[in-house]
Every structure is written in structure tokens, then in C-alpha cells.
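Given next are the chains, with one letter for each unit.
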Amino acid sequence: SQQGEEDPQALSIQEGENATMNCSYKTSINNLQWYRQNSGRGLVHLILIRSNEREKHSGRLRVTLDTSKKSSSLLITASRAADTASYFCATLYNNNDMRFGAGTRLTVKP
Amino acid sequence: NAGVTQTPKFRVLKTGQSMTLLCAQDMNHEYMYWYRQDPGMGLRLIHYSVGEGTTAKGEVPDGYNVSRLKKQNFLLGLESAAPSQTSVYFCASSLTDRRIQPQHFGDGTRLSIL
């Protein structure tokens, strides 16, 4: 069964705009990872955030984690057409089980 | 660097046929994984290996077998293919446990069972 669920399922924006995707989960987690998947390709790791961290940055990516709300968000600033992809969160809970969500499909229009 | 390479990229099978999916990594990673990806669902772990000669069951292991005779290779077998096994299969590897280390993925094998 899925632990993390991304929201929205699909998002379409113009180049230059910011894109925000959310991941909600059901039980307490140890860490949360975000991955990107371009069409027809494998997943690429973006960021890992631990349960005791609240925010992490990597280039134009910003990930926040709110354990009280059991949610995480991925913000892509100044989006580019090349950011068009599906984005997945993967949650680790019970220090053992890791589950992927169904993903958010992001389209960035030039 | 090739990273993680999967072969074949596409395959069509008839129900009851068998086949083996091949995964090779050149990063000297200890851990390797096989996932399936179905529409509207997250990746689901089929089997994994924490080192040469070891294998373990994941979330959805039924109908699949695996082997890791060499550190760089992880094979996924379907002994008697069923239409429910139509999916995209991804192999991944990580230096240590995927729960704390990034995974590196291949580009997938698209498998259709008729």
C-alpha cells in the first residue's frame, strides 16, 4: 500500500513560474526522498530530508518537511521546460519500510 | 559512466512463457533492487539484494525470482508470465541501504504479456 501521496496529480505552468508539489503521508517517518522521472527514463534522486530537518535546498529546488502535518513540499523556482517530468516522494517509516507515491506530473510550457 | 543498464528495453511475451531481465551496474554498489511501475501507482519493490550471493523478497515478490551471482549483475526471472505482470520494470542500485542512500535507476524494461 502507498504511504506517501503526491498532490496535485498533474500540474501545468509557464516557464519562469514556480512549481509546488506536495507529499502527504500517514504514519511517522524517518526520512523522505524526492525523485524525478523524465518520460521513458528511470528515476533520478533529488533530495533526502530527515525527520529532524525542516528545510533543504539544492539549486532551484527547495524541500520542506512538516512532521506535525505529515507533509512535505517540493518547490521548483524559475521553472524551465526541462523540468517537465513526474516527481515522486518516497517515505521511510518504521526504519524499515520505504514506499513511493504515485507522483505528480509537471508540465512546464515554454 | 554507464551507471545502471537494463536489457532488453522492450519485450512482448505470451502467457506462460518465461524470460529473464538483466541489470548491470558499474558503480561497485552493494545493494540492488527490482521494481515494477504501474499506472497510477508508486514504484513497488519486487526483490532486492544486499550483496553478491544474497537476495530477499520485497513488497510484491510472487511470480518472480532473482539471482545475484556477480556483484555487478542482478537478474529478474519470470518463470510463467501472466498478463498481470505487464508493467515497466526498473532496476536500481545504491552504495548502501536505499533507505538512507540515493538509488540510481536504469531506464526500464517495458514488458507486455499477451
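None of the values given here were measured: they were computed from a predicted structure.

Draft legend 1. Main features of the pairing of strand E1 (residues 4–7) of chain A. All names here are of chain A. Going residue by residue along E1, you find Gly4 and Glu6 tucked away on one face and Glu5 and Asp7 left uncovered on the opposite face. Examined bridge by bridge, E1 and strand E3 (residues 19–25) share 4 bridges and lie antiparallel to one another. Within E3, the residue paired with Glu5 across the bridge is Ser24.

Draft legend 2. Spatial organisation of the sheet that holds strand E8 (residues 73–78) of chain B. Residue and element names in this part refer to chain B. Within the open sheet, the 4 strands sit side by side as E1-E3-E8-E7. Their pairing is antiparallel. Two strands close off the open sheet at either side, each with one partner strand: strand E1 (4–7) and strand E7 (64–67). Averaged over all pairs of adjacent strands, the angle between strand axes in this sheet comes to 20 degrees, irrespective of strand direction. As judged from the 4 bridges shared by E1 and strand E3 (residues 19–25), these two strands associate in the antiparallel manner. If you follow Gln6 over to E3, its bridge partner there is Cys23.

Draft legend 3. Main features of the nonpolar core. Grouped together as the largest cluster of nonpolar side chains are 22 residues, with contacts concentrated most on Met21(A), Leu32(A), Trp34(A), Leu74(A), Ile76(A), Tyr87(A) and Leu106(A). Secondary-structure elements contributing two or more residues to this core are E3, strand E4 (31–37), strand E5 (43–50), strand E7 (61–66), strand E8 (71–76), strand E9 (85–93) and strand E11 (104–109) of chain A. In contact with Met21(A), other than residues within four places in its own chain, are Asp7(A), Trp34(A), Ser72(A), Ser73(A), Leu74(A), Ile76(A), Tyr87(A), Thr104(A) and Leu106(A). Core analysis: the second largest hydrophobic core is formed by 18 residues, Leu13(B), Trp34(B), Tyr64(B) and Phe74(B) among them.

Draft legend 4. Quick look at the confidence of the model for chain A. Summing up the model confidence of chain A, the mean pLDDT is 92 and the portion of residues at 70 or higher is 96%. Confidence, read as mean pLDDT per element, is least for E1(A) in chain A (82) and greatest for E7(A) (98).

Draft legend 5. Region of the structure containing the side chain of Thr104(A). All names here are of chain A. With respect to the helices and strands, the residue Thr104 is situated in strand E11. Taking relative accessible area as the criterion, Thr104 reaches 0% and is therefore assigned buried. Ignoring anything within four residues of it in the chain, the contact list for Thr104 reads Glu6, Asp7, Pro8, Gln9, Leu11, Met21, Ala85, Ser86 and Tyr87.

Draft legend 6. Summary view of the sheet that holds E3(A). All names here are of chain A. Taken in spatial order, the 5 strands line up as E1-E3-E8-E7-E6 in an open sheet, and their pairing is antiparallel. At either end of the open sheet lies a strand with only one pairing partner, and these are E1 and strand E6 (55–58). Here the strands of the sheet are splayed against their neighbours by 15 degrees on average, with no regard to which way each runs. Across 6 bridges, the pairing between E7 and E8 is antiparallel. Bridging from a neighbouring strand, Thr64 pairs with Ser73 of E8.

Draft legend 7. Molecular detail of the state of the cysteines. All names here are of chain B. In the structure shown here, the tally under the stated rule is 2 disulfides over all chains. Shown here is the disulfide that connects Cys23 with Cys91, its sulfur atoms set 1.9 Å apart. Taking the sign of the torsion about the S-S bond as the criterion, the disulfide between Cys23 and Cys91, at about -75 degrees, is left-handed. Here Cys23, found in strand E3, pairs with Cys91, found in strand E9 (residues 87–94); they are 68 residues apart in sequence, far enough to count as distant. The class for Cys91 is buried, based on a relative accessible area of 0%.

Draft legend 8. Summary view of the packing of aromatic side chains. Inspection of the entire model under this criterion finds 7 aromatic pairs over all chains. Ring geometry for Phe100(A) versus Tyr35(B): centroids 5.7 Å apart, planes at 85 degrees, classification edge-to-face. Note that Phe100(A) is positioned in strand E10 (residues 97–100) and Tyr35(B) in strand E4 (residues 31–37), a pairing that runs across two chains. Across this residue pair, the class does not change: Phe100(A) and Tyr35(B) are buried.

Thresholds applied
Residues numbered from 1 in each chain as written. Chains lettered and ligands numbered in written order. Predicted model: local features only at pLDDT ≥ 70, side-chain atom pairs only at ≥ 80, totals over all residues. Heavy atoms only, no water. Buried < 20%, exposed > 50% of the residue type's maximum accessible area, 1.4 Å probe, protein only. Helix = DSSP H or I, 4+ residues; strand = E, 2+ residues; numbered from the N terminus. Pairing = 2+ DSSP bridges. Axes fitted to C-alpha atoms, helices over the stretch in contact; angles between N-to-C directions. Core = buried A, V, L, I, M, F, W, Y, C linked by side-chain atoms within 4.5 Å. Contact = heavy atoms within 4.5 Å. pLDDT = per-residue confidence, 0-100. Disulfide = S-S within 2.5 Å. Phe/Tyr/Trp six-rings, centres within 6.5 Å; stacked < 30°, edge-to-face > 60°.

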